[in-house]
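Structural characterization, general
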Amino acid sequence: MDQAERNVTEIEVLYRQHGAALLLFAMTIAGDRSRAQDVIHQVFLRLLQNGDLSRADDKKAYLFGCVRNAVLNDQKIGSRHTPLDADTAWFSPPERDFAGEQNLRRALGALPDDQRVVAILHVWGELTFSQIGSLLGVSSNTAASRYRYALGKLRETMLSKEKFCADSGR
């Protein structure tokens, strides 16, 4: 297998490993699933055309950075911007709890953008706070703080929703 074939194989593996998290991340920024899918496909097409990821120290963080930049560039050139569809699946748990999933989507949507992006990058993207900080241009401590604030707000929102449901069921 020559170097070009190894590069293509590596890019395909990265797509399979991180494609879903990259899509969620792109949707968070773009607000539209189809635009997010287009951007991710453009990023991976460019990677395949260039054929080399050797310059990237942290390939996963590099991919998230490429997707972030591509979405922002896409928005700058005047592409459409639509709100995130409320029925878009955020994740696929083994036993679907549709009401819980919808409540989580609403709670995530209510977070400030900076906190929502960090939470998604950390939980679904499985990036470290150091990687997130580098990606967003903030310190790892700032990324960790935004994550803590996001968790606190999510916890508060989800618990108050559970309490409301429990109280109304009496």
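Residues numbered from 1 in each chain as written. Predicted model: local features only at pLDDT ≥ 70, side-chain atom pairs only at ≥ 80, totals over all residues. Heavy atoms only, no water.

A few points about the environment of Ala144
- Within the secondary structure layout, Ala144 lies in helix H7 (residues 140-168).
- For the pair Ala144 and Val118, spaced 26 residues apart in sequence, the C-alpha to C-alpha distance is 8.2 Å. (Helix = DSSP H or I, 4+ residues; strand = E, 2+ residues; numbered from the N terminus.)

Some words on the nonpolar core
- Residues Phe25, Phe64, Val67 and Leu121 are the most contacted members of the largest nonpolar core, which totals 39 residues.
- Secondary-structure elements contributing two or more residues to this core are helix H1 (3-30), helix H2 (33-50), helix H3 (59-76), helix H4 (98-110), helix H5 (113-123), helix H6 (129-136) and H7.
- The element contributing the most residues to this core is H1, with 10 residues.
- A domain split of this core shows at least three residues from each of domain 1 (1-85) and domain 2 (95-170).
- Ignoring sequence-local partners within four residues, the contact set of Leu121 consists of Phe25, Phe64, Glu126, Leu127, Ile132, Leu135 and Leu136. (Core = buried A, V, L, I, M, F, W, Y, C linked by side-chain atoms within 4.5 Å. Buried < 20%, exposed > 50% of the residue type's maximum accessible area, 1.4 Å probe, protein only. Domains from an automatic or database assignment. Contact = heavy atoms within 4.5 Å.)

Here we look at H6
- Considered for burial, the residues of H6 that qualify are Gln131, Ile132, Gly133, Leu135 and Leu136.
- Looking one or two residues past H6, Gly137 carries a phi angle of roughly 75°, positive in sign.

Overview of the packing of aromatic side chains
- According to the stated counting rule, one finds 3 aromatic pairs in the structure shown.
- Here the aromatic rings of Tyr15 and Phe44 are separated by 4.9 Å at their centres, their planes lie at 85°, and the arrangement is edge-to-face. Of this pair, Tyr15 sits in helix H1 while Phe44 sits in helix H2, and the two are 29 residues apart along the sequence.
- Residue Tyr15 is classed as partly exposed on the basis of its relative accessible area of 35%. (Phe/Tyr/Trp six-rings, centres within 6.5 Å; stacked < 30°, edge-to-face > 60°.)

Let's talk about the side chain of Gln131
- Considering the arrangement of structural elements, one finds Gln131 in helix H6.
- Residue class for Gln131 comes out buried when judged on its relative accessible area of 14%.
- A polar atom in the side chain of Gln131 sits 2.7 Å from the backbone nitrogen of Thr128.
- The contacts of Gln131, once residues within four sequence positions are left out, are Asp58, Lys60, Ala61 and Glu126. (Polar contact = N/O pair within 3.5 Å; in protein donor to acceptor, adjacent residues only side chain to side chain.)

A word on the side chain of Arg116
- Locating Arg116 in the fold gives a position in helix H5.
- Here Arg116 falls in the buried class, since its relative accessible area comes to 11%.
- Among the polar contacts made by the side chain of Arg116, one reaches the main-chain carbonyl oxygen of Leu108 at a distance of 3.3 Å.
- Within polar-contact distance, the side chain of Arg116 engages the backbone oxygen of Leu111 at 2.9 Å.
- Aside from chain neighbours lying at most four places away, what touches Arg116 is Thr28, Leu108, Gly109 and Leu111.

A closer look at unusual backbone geometry
- Residue Glu126 is not a glycine yet carries a positive backbone phi of 55°.
- Within the fold, Glu126 resides in the loop between H5 and H6.
- Residue classification places Glu126 among the exposed residues on the basis of a relative accessible area of 56%.

A word on the pattern of salt bridges
- Tallying each qualifying case throughout the model produces 6 salt bridges.
- For Glu10, the salt bridge is made with Lys59, and the minimal N-O distance between the two is 3.6 Å. One end of the pair, Glu10, is in helix H1; the other, Lys59, is in helix H3, and 49 residues separate them in sequence.
- For Lys59, a relative accessible area of 25% gives the class partly exposed.
- Asp74 is the salt-bridge partner of Arg35, the closest N and O atoms lying 2.5 Å from each other. Taken as a pair, Arg35 in helix H2 and Asp74 in helix H3 lie far apart in primary sequence, 39 residues in all.
- Asp74 gets classed as buried once you look at its relative accessible area, which sits at 10%. (Salt bridge = Lys/Arg side-chain N within 4 Å of Asp/Glu carboxyl O.)

These results come straight from atomic positions and should not be treated as a statement about function.
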